[in-house]
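Coordinate analysis (summary)
Here's the letter readout for the chains.
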Amino acid sequence: MSEETGSQSVRAVRGSAIRDLLAVTERPGVISLAGGLPAADLLPTERVARAASAALRSPSALQYGLTTGAPALRDVVHARESAALGRDAGAVVVTHGSQQALSLLAQALLNPGDVVIVEDPGYIGALQAFDTTRARVIGLPMDADGMRVDELRPILERERVRVVHTVSNFHNPGGATLPEDRRRELARLADEFGFWIIEDDPYGELRFAGTTVPPVAACSDRVLRLSSASKIVAPSLRVGWMHGDASVLALVERLKQGADLCGSSLTQAIAAELLADAAWLDAHIDGIRALYAERALALHAALVDAFGDRLRLTTPEGGMFLWGEFTDGTTTSQSLSAAVDAGVAYVPGSAFAVRRDLDHALRLCFTTGTPDDLREAVRRLSTVL
C-alpha cells in the first residue's frame, strides 16, 4: 500500500494474525487450535430454523428497524443483564456483534492521543478498534488472575487515562478471569480518576469450573458492559449489545446511525426468541459447558504430559482458550510454519503483544476438536516445539 492510499487512521490499524491464519489452517489434514470458533456440532441449526420461520411470519422481520435494536431483543437482554448485575441494567443498545459495540465506543470516547489501558497480551479486536482512533495504547501485564490492577495506579498518577478495557472472564487470549477483589479495585480507581471501563464479556456464561464472579459493572457506574450471542447461540446472527451510561449510549446511537442505520431485524427477532426461551437456552448452554470442559481438560492434560514444566499454562475454568508460556526460551512465531507442515496450527503469543515480549507464548483454542483430535494436535506440536 502506497503512502497516499488510505487515511492515516486506517494505516494505523494493525492486521489480525488470526484472520491471516484462517486460509492456512483450512489446508486438508491440519488440526487447527488457532481459531476462536464455537463448536460446530453444538450450533443449534434446527432451533434457529424454527425461530427464523416464526420471525418470517411478520413482515417487520424484513423491514428496517430501530438503530438501538429491536424492542423485544432489548427487553430480554435487559432482563438477563439486570439479573447478572443484581440491579437494573439501564438502557441497552444492540449492535452488529460485540465487536461493533467496541468499535463504536472507541469512536465515541477517544480522540487521537488519548490514553487507553489494555491487558498485555491484548484482545486483537480491541487493539484494532483503538488503533482506528489513533489513541495511545498502554499495556498492563497479566498474571494467572488477569490484569495486574495493582500496577494501574502509578500510570493513572502520571497519565490522563480515558479508557481501561478488560476481557473480564476467560480472557482472550490469556484465559484468566479477573477475581472479585481486582474488579472492585478497578472500579474504585475508575470512580477516583474518572476514566471509563469497557468490560468486554462474551465468554462469561461459558464457565464449567470454579465460581462465578460478579461483573465489574456491578461495582461502578463508570462501566460500559459488552456481551454477545455469538458464543452461546450462533456467531452468524451478529447480535451483540452494550449497556451503561446513558450519555455515552446516546453518542453510540448517533454513530451507529452513520455506520449501518440499524441492525438486521430478522436476526434480532431470531435472537430475541432464543434468548427468551429460558428452558431451551439453559439446557443448550449446559451442553456447551459440558463439551468444552471435556475438551479443555483433554488439551490441558495432553500439554502437561508433552511439555511438563517447560510450558506454563492457564488452568481452564471456562471460555474457549488456553494460554501457554514456554519457560525455556522456546519461541513460537518462528516455529509456526513448521507446525503447520506437521499438521497443527496455533496463534503465536507475539500476535497479541502490546509492549511485552511474548514470542515464547501461544494461544490454543480447545472448542472445535474432539479430545482425540486435541491429543493428536499436541503430539504433532511436540515434534516441532
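Residues numbered from 1 in each chain as written. Predicted model: local features only at pLDDT ≥ 70, side-chain atom pairs only at ≥ 80, totals over all residues. Heavy atoms only, no water.

Here we take up the pairing of strand S7 (residues 196-200). Of all 5 residues that make up S7, 5 are buried, and the element is covered over most of its length. Here S7 shows no split at all, with Trp 196, Ile 198 and Asp 200 on one side and Ile 197 and Glu 199 on the other all buried. Pairing analysis gives 5 bridges linking strand S6 (residues 161-167) to S7, with the strands arranged parallel. Pairing of Val 163 across the sheet is with Trp 196, part of S7. Crossover S6 to S7 through helix H8 (residues 180-193) is right-handed. Two elements, S7 and strand S8 (residues 223-228), share 4 bridges in a ladder whose sense is parallel. Residue pairing across strands places Asp 200 opposite Leu 226, the latter belonging to S8. (Buried < 20%, exposed > 50% of the residue type's maximum accessible area, 1.4 Å probe, protein only. Helix = DSSP H or I, 4+ residues; strand = E, 2+ residues; numbered from the N terminus. Pairing = 2+ DSSP bridges. Right-handed = clockwise from strand over helix to strand, strands pointing away.)

On to the pairing of strand S11 (residues 321-326), then. Counting buried positions along S11 gives 6 out of 6 residues, so the element sits mostly inside the fold. Where burial is concerned, the two faces of S11 agree: the one with Phe 321, Trp 323 and Glu 325 and the one with Leu 322, Gly 324 and Phe 326 are both buried. Pairing of strand S10 (residues 311-313) with S11 involves 3 bridges; the strand directions are antiparallel. In the sheet register, Leu 311 faces S11, and the bridge partner there is Phe 326. With 5 bridges joining them, S11 and strand S14 (residues 361-365) adopt antiparallel strand pairing. Within S14, the position partnered with Trp 323 by the bridge is Arg 363.

Further remarks concern the packing of helix H11 (residues 278-307) against helix H13 (residues 371-384). Viewed as axis vectors pointing N to C, H11 and H13 meet at an angle of 25°, and their least axial separation amounts to 9 Å. Taken as axis vectors, H11 and H13 run roughly parallel relative to one another. The crossing of H11 and H13 is right-handed. Of the residues in H13, those touching H11 at Glu 294, Arg 295, Ala 298, Leu 299, Ala 302, Leu 303, Ala 306 and Phe 307 are Pro 371, Leu 374, Arg 375, Val 378, Leu 381 and Ser 382. In terms of residue class, the contact of H11 with H13 is made up of 10 nonpolar, 1 polar and 3 charged. (Axes fitted to C-alpha atoms, helices over the stretch in contact; angles between N-to-C directions. Parallel < 35°, antiparallel > 145°, perpendicular 65-115°, else oblique. Left-handed = near helix turned anticlockwise from the far one by under 90°. Contact = heavy atoms within 4.5 Å. Nonpolar A, V, L, I, M, F, W, Y, C, P; charged D, E, K, R; others polar.)

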